[in-house]
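Coordinate inspection notes
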Amino acid sequence: YKGKGLFPAVSEDAQDWLSIVSTETKFGEPTKIEPNPADTAVVKIKVAPFEEYVPKREGKIVFSSSMKNDDNEIVSTETVFTITQTGLVVPTIAEVIAAGATTSAKTQGVIVAKYTRGALISDGTGYILIYKNAEMEEVVGDEIEVNGPTSLYGGMLQFTKDAVVTKLSSGNAVIHPEPTVLDGTGMDAQLAKTSVEYVEYVGTLSVSGNYYNVTIDGAATAIGSLQYIDATAFPAATNGAKIKVRGYFIGVSNNKYVNTMTVAVETAE
């Protein structure tokens, strides 16, 4: 610079994460930009790290310098630099699933179904189960953020009971996809699948304590399992009844149970 001093300033909207640490002036030292005569200023800038998941952000630093011209008038010029931080974008559910089991994962989604020990969320890229081993106060239609460890169960990735859930909004529309209708052969084939799917099947319900199992005609191995259902919410789910079930397939247990997060139970005609 050629003025009487160089003065850096951070734009007001970025002062919470950009700051000037120091300015060191080297008088009479030329640079490639101003070979001679010129002074050089070395400005150190501190950029604060992100502490949470947020979009990218931009801040401006204005460098100004001034001097008197031949008419004794003060002439000031400035140069503006923009600093951009990419940001920490919350991973999609598909990205969390692709990453596999880990001690720390984070994602967001809308609750599309619940049972008495957790919930299933979706963000349009996939579905993932949150197994809290307890009733969740959040309801279907709530958008939530979940942060914590993940593990594999029944061939599928899920958040464990130690995951922290934060509600972001409520009242979001939930539209279930067209179900995959499973006969006996389809139920057996379901035992080899490892991704959440909205399904429908008809069979005879057997209730034993907290176990609600559905036997499907033609299935050699597979048995439907209405996982941790609230019986008061499904009055048609009575012992010995022939029922039509719609819900989300959320994995396999004991190599034979097609675990289902129940959405609807009707008496089969």
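**Here we look at the sheet that holds strand S1 (residues 7-10)**
Reading across from one edge, S1-S4-S5 is the order of the three strands in this open sheet, with antiparallel pairing throughout. Because the sheet does not close on itself, it has two edges, and the strands there are S1 and strand S5 (74-85). Neighbour-to-neighbour, the strand axes of this sheet turn through a mean angle of 20 degrees, independent of strand direction. Here S1 pairs with strand S4 (residues 57-68) via four bridges, running antiparallel. What sits directly across from Ala9, in S4, is Val62.

**Some words on the pattern of salt bridges**
Pairs can form between side chains of opposite charge whenever their charged atoms are close. Within the structure shown, the criterion is met by six salt bridges. The salt bridge partner of Lys114 is Glu135, with a shortest N-O separation of 3.3 Å. On the criterion of sequence distance, the pair formed by Lys114 in strand S6 (residues 105-115) and Glu135 in the loop between strand S8 (127-131) and strand S9 (143-148) is long-range, its members being 21 residues apart. Two residues, Lys193 and Glu197, come together in a salt bridge whose shortest N-O distance is 3.3 Å. Look at the salt bridges and you will find they share partners, linking Glu200, Arg246 and Glu266 into a network.

**Remarks on the nonpolar core**
Judged by nonpolar contacts, the single largest core of 33 residues is most densely connected at Leu120, Tyr201, Val214, Leu226, Ile243, Tyr248 and Met261. Contributing elements (two or more residues each) for this core: S6, S8, strand S14 (197-208), strand S15 (211-215), strand S17 (242-253) and strand S18 (257-267). For this core, the element with the highest residue contribution is S17, accounting for six residues. Sequence-distant contacts of Val214, defined by excluding residues within four places in its chain, comprise Tyr201, Gly203, Thr204, Leu205, Ile223, Gly224, Leu226, Ile243 and Val245.

How each quantity is defined
- Residues numbered from 1 in each chain as written.
- Predicted model: local features only at pLDDT ≥ 70, side-chain atom pairs only at ≥ 80, totals over all residues.
- Heavy atoms only, no water.
- Pairing = 2+ DSSP bridges.
- Helix = DSSP H or I, 4+ residues; strand = E, 2+ residues; numbered from the N terminus.
- Axes fitted to C-alpha atoms, helices over the stretch in contact; angles between N-to-C directions.
- Salt bridge = Lys/Arg side-chain N within 4 Å of Asp/Glu carboxyl O.
- Core = buried A, V, L, I, M, F, W, Y, C linked by side-chain atoms within 4.5 Å.
- Buried < 20%, exposed > 50% of the residue type's maximum accessible area, 1.4 Å probe, protein only.
- Contact = heavy atoms within 4.5 Å.

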